[in-house]
Amino acid sequence: MSITFRVGSSRRILVAALLALVIIVGLAVWPGAQTPSHAAVYDADELGVVRLINQYRASHGLGALQVSDALSKASTRHNLDMGRYNFISHSSESSDYFPSGYQFWQRLAAMGYGSGVLGENIAAGLPVMTAESVFAAWKSSPGHNSQMLGADYKVIGVSCDYVAGSEFGVYWTTDFGGSVDPTARPVDSAGVRTTITGQDRYQTAVMVSQKAFPKGAPVVVVVKGDDFPDALAAAPLAAAFGGPVLLTPSSGLTTAVKAELRRLGAHTVFFIGLKDSVKSGIVSALPNATITTIRGSDRYETASLIAGRLRVKLGAIGTVVLVPGDRYPDALSVAPLAAKKGWAILLTPQSGRIPAVTARTIQSLGATSALVVGTWAKPALAASRVTYKVGNDRYHTSALVAAYAASQGLSFRHVALATGENYPDALVVGPYLVGDGGILLLTQSNGIPTPVADQLAAHRVGVSSLDLVGLPGSVSTRAKMILQ
């Protein structure tokens, strides 16, 4: 007989001697108790469970639970341990984070929480591990139900984690506490973590567009999704006109892209670097729209033509961004900053001389300063007016650009992570982040490189919104842990 569903619950009221010890530890790790850290970020299902529990408690005349980052930190680590070491228990039978044999209240104390009444619910292996299904399972079990309705509880920690190669795949842990710690806040004030991942690059771009422009947009920029050069300079143009960047195959629009064009209802379409044969799909989706083709003889001229359109719209461009046109990561990293500031992105080979068309465009724009990313190219401007951001690799460069973006008024309150191993997902993020001045960081699909992790960790107190664009769940969990 195979087991497909396991849940567990536990409750403990600490005795006086242990309570005294925990209070001492708590005072040591909770300085400035009136200033919550606001660090952790939660996905929709994690916050959904808390909202369901609070609604349930309200129906029984009980107060709402606040979300505790300290408790959630313990919950995440217990989920990962259960998945990696194949156990379902309230004790840490094996652990990467705690001494083996630690009971749940010891784990909570190790994460900075340990006073008063404590409890825990766990679940793994449900056929559908949504907030609704987990809540229903716990509600139907007397032990788990009593935890959710514990009158002494004031806060809750929650974590849902997918552990690749594990017996049950998805694991849930909720930890309950009877005292409000400094990391606690109402559920509606908790940081939000969102995964934006479609079935392919084209659908992912559509999902980003829908999130950025839920009520439609007057303009849309359409670029190739199967080749990067012509699209590298597109983000500032889209942002200046108030619309998204959509991707299309060179062979023609997908059904999803056509549907998104109709939903957006744009009256103007910038059609960049694509063959005229692709236009028919745009015309069928937006028969009344004006379609403007921007296509140069090569990638460098295309970027220059885009810069010209940008100048017509904005009137003046004081700063240009110069990036390699023969590779994509550096342009992706800087696109949200350039889009927010109205800076034109121009291309040059990573090594060698700046193309004549790029040099002419810098001059014709009247630019007086430049941000040069990923290359040591020297534009014909005063050296004091040129800023270089060149890292040891694409991820180091991305981290340097993110830090610079923050110095220019962008904010780590909203961070997007996208892979630096390919270009399509990051390519469409720029106009989306312009709305609130968010910052993009490039990462790997199997983990978060050290320079990027360091940036997240350095600014984790300020992060209230995290988007993971086209990335697997393992990166989401790693990002969550960095921000806890």
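If you're wondering where the values come from, they're calculated on a predicted model, not measured in any experiment. (Residues numbered from 1 in each chain as written. Predicted model: local features only at pLDDT ≥ 70, side-chain atom pairs only at ≥ 80, totals over all residues. Heavy atoms only, no water.)

Draft legend 1. Main features of the pairing of strand E5 (residues 155–162). Along E5, 7 of the 8 residues are buried, which leaves the element largely enclosed by surrounding structure. Pairing geometry for strand E3 (residues 66–68) and E5, over 2 bridges, is parallel. The residue of E5 that forms the bridge with Gln66 is Val155. Of the strand pairs in this sheet, E5 and strand E6 (residues 170–177) are connected by 8 bridges, and their pairing is antiparallel. What sits directly across from Cys160, in E6, is Trp172. (Buried < 20%, exposed > 50% of the residue type's maximum accessible area, 1.4 Å probe, protein only. Helix = DSSP H or I, 4+ residues; strand = E, 2+ residues; numbered from the N terminus. Pairing = 2+ DSSP bridges.)

Draft legend 2. Focus on the packing of helix H7 (residues 201–212) against helix H9 (residues 255–264). Relative orientation of the contacting elements H7 and H9 amounts to 15 degrees, with a least axis distance of 9 Å. One finds that H7 runs roughly parallel with respect to H9. Handedness of the crossing formed by H7 with H9: left-handed. Residue-level contacts link Tyr202, Val206, Ser209 and Gln210 of H7 to Ala256, Val257, Glu260, Arg263 and Leu264 of H9. In terms of residue class, the contact of H7 with H9 is built from 5 nonpolar, 2 polar and 2 charged. (Axes fitted to C-alpha atoms, helices over the stretch in contact; angles between N-to-C directions. Parallel < 35°, antiparallel > 145°, perpendicular 65-115°, else oblique. Left-handed = near helix turned anticlockwise from the far one by under 90°. Contact = heavy atoms within 4.5 Å. Nonpolar A, V, L, I, M, F, W, Y, C, P; charged D, E, K, R; others polar.)

Draft legend 3. Inspection of the packing of aromatic side chains at higher detail. Per the stated rule, a full pass over the model turns up 10 aromatic pairs. Ring geometry for Tyr56 and Phe135: centres 5.6 Å apart, planes at 85 degrees, overall edge-to-face. Here Phe135 lies in helix H5 (residues 131–139) and Tyr56 lies in helix H2 (residues 44–59), a separation of 79 residues in the sequence. Look at Tyr56 and you get buried, because its relative accessible area is 11%. Ring geometry for Phe104 versus Trp105: centroids 5.4 Å apart, planes at 80 degrees, classification edge-to-face. Cluster of aromatic residues (ring-pair linked, three or more members): Phe228, Tyr328 and Tyr423. (Phe/Tyr/Trp six-rings, centres within 6.5 Å; stacked < 30°, edge-to-face > 60°.)

Draft legend 4. Representation of the environment of Leu253 in the model. Locating Leu253 in the fold gives a position in the loop between strand E10 (245–248) and H9. As for Leu253 and Val222, which are separated by 31 residues in sequence, their C-alpha atoms are 9.7 Å apart. Residues within four places of Leu253 in sequence aside, it is in contact with Thr248, Lys258, Leu261, Val278, Gly281 and Ile282.

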